[in-house]
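Residues per chain, in single letters:
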Amino acid sequence: MAPTFFGRQYMQIANFGNFEKGKINDISFKENIFHDRNLTSDCKDFQLDTFSNRFIKVITLDSVNRIIEGELEFTAINQCQDTVRITDGYFKVSY
């Protein structure tokens, strides 16, 4: 799946095909789940905090038009100990 961009920041979560539509699905560990181009090179990549709440809920999965829509929540930490916390997250992207 292509990254979802937020200005100079983006996130990437793969394997939506393994998620069940309409159910809360766990996000398994993935290195570099979030990237912030505004930070220095050592601090740009954020890894999933597996001790915090994390989920994806697929609301719509349109395989004809190749659109996926859903909600998500996760916390990620970089090497500089900066934290990104996404709560009440929403996405609608083409794949």
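See above for the structure.
Residues numbered from 1 in each chain as written. Predicted model: local features only at pLDDT ≥ 70, side-chain atom pairs only at ≥ 80, totals over all residues. Heavy atoms only, no water.

1. Examining the overall build of the protein chain
Thinking step 1. Along the protein chain, the regular secondary structure elements total zero helices and eight strands.
Thinking step 2. Here the protein chain, with 95 residues, has 32% of them falling under the buried criterion.
Thinking step 3. Of the contacts made within the protein chain by residues no fewer than 6 positions apart, 49% connect residues no fewer than 24 positions apart.
Thinking step 4. Summed over its atoms, the accessible surface of the protein chain is roughly 6,000 Å², and 45% of this surface lies on carbon and sulfur atoms. (Helix = DSSP H or I, 4+ residues; strand = E, 2+ residues; numbered from the N terminus. Buried < 20%, exposed > 50% of the residue type's maximum accessible area, 1.4 Å probe, protein only. Contact = heavy atoms within 4.5 Å. Areas by Shrake-Rupley, 256 points an atom, 1.4 Å probe, with all protein chains shown as cover.)

2. Quick notes on the state of the cysteines
Thinking step 1. This structure, assessed with the given rule, holds one disulfide.
Thinking step 2. Here Cys43 pairs with Cys80 through a disulfide, and the sulfurs are 1.6 Å apart. Classification of the bridge connecting Cys43 and Cys80 rests on its S-S torsion, roughly -45 degrees, and on that basis the disulfide is left-handed. Of this pair, Cys43 sits in the loop between β4 (34-36) and β5 (45-48) while Cys80 sits in the loop between β7 (67-78) and β8 (83-94), and the two are 37 residues apart along the sequence.
Thinking step 3. Its relative accessible area of 6% is what places Cys43 among the buried residues.
Thinking step 4. Accessibility expressed as a relative area gives 39% for Cys80, which makes it partly exposed. (Disulfide = S-S within 2.5 Å.)

3. Considering the side chain of Glu69
Thinking step 1. Take Glu69: it is sitting in strand β7.
Thinking step 2. One buried charged residue, Glu69, remains without a salt bridge, the closest side chain of opposite sign being Lys92 at 4.6 Å.
Thinking step 3. One polar contact links Glu69 to Tyr90, side chain to side chain, over a distance of 2.5 Å. (Lys, Arg positive; Asp, Glu negative; His and termini not counted. Salt bridge = Lys/Arg side-chain N within 4 Å of Asp/Glu carboxyl O. Polar contact = N/O pair within 3.5 Å; in protein donor to acceptor, adjacent residues only side chain to side chain.)

4. A look at the environment of Lys92
Thinking step 1. Turning to its location among the elements, Lys92 is positioned in strand β8.
Thinking step 2. Residue classification places Lys92 among the exposed residues on the basis of a relative accessible area of 53%.
Thinking step 3. Look past the residues within four positions of Lys92 in its chain and what remains in contact with it is Ile67, Ile68 and Glu69.

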